[in-house]
Amino acid sequence: MAKSSYLERLPRIAQKRGSAAKGQIELVTKKKDVRQIDHETAAELKGSALGKNGKRIGILLEDEVHLFVRDAVKFPSGATGAPIRIIGKTQFDGVSGVVSLAHCEGSIYLRRIFRHPVRSWQIEAVRGKRETGMTSRATARKEVKEELGYPVRGVTKIGTICPETALTASILDIYWVELGPGPRKDEPEPQEAFGPIIKLTPQELIEHIASGEIRDSYTITATLLAQIAGFLPPVSLAEASTQEPDGAGEEQ
């Protein structure tokens, strides 16, 4: 069976067809079946800029970083649908990006950043997309330099995650990064809104997670992986939640 043209434009991992008979969500490629699913699900885009006569199946939107795709699919139950997924373009030759939990002399270095999707300030570990052709390890060093500005002494991979499997196809490598003491010279990208650097002890980091001051899933996952790897002590969330958090930590 010939591949549909839009699937050929996706990273190989995103082209996997799957099989409803095996309990998976199967990509439907027969033109007749695709047209039927397209017709049945057209109402789901009511109010969309794509419109009644616009494209509804395939690559709906593309920018320098992402592909927004809507597939015709068949579920194990026999039901059909047309869910949307977001695919990072750098997945043609590796992971989408990296998360770096940086530390120096017993403290964890995070950054306060204003995130547009949630319209609020967040406290986060360093993270960023990987450029095509660049290794994830080199990306970790680059992102730490840009967002924190401290010298990097060591980079250790502690895991790989799929942070939001219901919508995005992102895969990220997680690193434990040892910083040098300075001097500091960050180089934030112009399309970011950074606040101060937040320096926390491991105990304060857990307290901030327990209190909800840190809500970013990448940072929380990186903290767990650092504990599993033995870089952070296994502090109990129950124990931490009984203590009063000390605000935003030490801001640099």
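Higher on the page you've got the structure.
Residues numbered from 1 in each chain as written. Predicted model: local features only at pLDDT ≥ 70, side-chain atom pairs only at ≥ 80, totals over all residues. Heavy atoms only, no water.

**Student:** Sorry, what's going on with the packing of aromatic side chains here?
**Tutor:** Within the structure shown, the criterion is met by 3 aromatic pairs. Ring centres of Phe114 and Trp121 lie 5.5 Å apart, and the angle between their planes is 80°; this geometry places the pair in the edge-to-face category. A residue is classified by how much of its surface remains accessible, and Trp121, at 45% relative accessible area, is partly exposed. Taken together, a centroid distance of 5.1 Å and an interplanar angle of 15° make the contact between Trp176 and Phe231 stacked. Remark: Phe231 occurs in the loop between helix 5 (217-228) and helix 6 (237-241) and Trp176 occurs in strand 12 (residues 172-179); sequence separation between them is 55 residues. (Phe/Tyr/Trp six-rings, centres within 6.5 Å; stacked < 30°, edge-to-face > 60°. Buried < 20%, exposed > 50% of the residue type's maximum accessible area, 1.4 Å probe, protein only. Helix = DSSP H or I, 4+ residues; strand = E, 2+ residues; numbered from the N terminus.)

**Student:** Can you help me understand helix 4 (residues 202-211) in this one?
**Tutor:** Counted residue by residue, helix 4 has 7 buried out of 10 residues, so it is predominantly covered. Following helix 4 by one or two positions, Gly212 has its phi on the positive side, about 90°.

**Student:** Teacher, can you tell me more about helix 5 here?
**Tutor:** Because the α-helix completes a turn every 3.6 residues, residues three or four places apart line up on one side. With 12 residues, helix 5 extends 16 Å between its outermost C-alpha atoms, agreeing within 8% with the 16 Å of an ideal straight helix rising 1.5 Å per residue. Looking only at helix 5, the buried set comprises Tyr218, Thr219, Ala222, Thr223, Leu225, Ala226 and Gln227. The positive-phi residue at the C-terminal boundary of helix 5 is Gly230, with phi of around 90°. (Expected span 1.5 Å × (residues − 1).)

**Student:** Looking at this structure, I do not really get the sheet that holds strand 4 (residues 73-74). What am I missing?
**Tutor:** Within a sheet, each strand pairs with its neighbour through backbone hydrogen bonds, oriented either parallel or antiparallel. Spatially, the 3 strands line up as an open sheet ordered 1-4-5, and their pairing is antiparallel. Both outer strands of the open sheet, strand 1 (26-27) and strand 5 (80-81), are each paired with one neighbouring strand and no more. Note that strand 4 and strand 5 share 2 bridges and pair antiparallel. Each residue of the ladder has a partner; that of Lys74, found in strand 5, is Thr80. (Pairing = 2+ DSSP bridges.)

**Student:** Is there a simple way to think about the pattern of salt bridges in this case?
**Tutor:** Close approach of charged atoms allows side chains of opposite charge to pair. For the structure shown, the criterion picks out 13 salt bridges. A salt bridge links Lys89 to Glu62; the nearest nitrogen and oxygen atoms lie 2.8 Å apart. With Lys89 in the loop between strand 6 (84-88) and strand 7 (97-104) and Glu62 in strand 2 (residues 58-62), the pair connects residues that are 27 residues apart, well separated along the chain. Assessed through its relative accessible area of 22%, Lys89 is described here as partly exposed. Note on Glu62: relative accessible area 38%, which makes it partly exposed. (Salt bridge = Lys/Arg side-chain N within 4 Å of Asp/Glu carboxyl O.)

**Student:** How do you make sense of unusual backbone geometry when you look at a structure like this?
**Tutor:** Negative phi is the rule for most residues except glycine; trans is the rule for most peptide bonds. Despite not being glycine, Glu105 shows a phi value in the positive range, around 50°. One can find Glu105 in the loop between strand 7 and strand 8 (107-115). Classification of Glu105 by relative accessible area gives exposed; the value is 73%. Phi angles above zero are rare outside glycine, and Arg119 is one such case at about 50°. Examined against the element boundaries, Arg119 turns out to sit in the loop between strand 8 and strand 9 (120-124).

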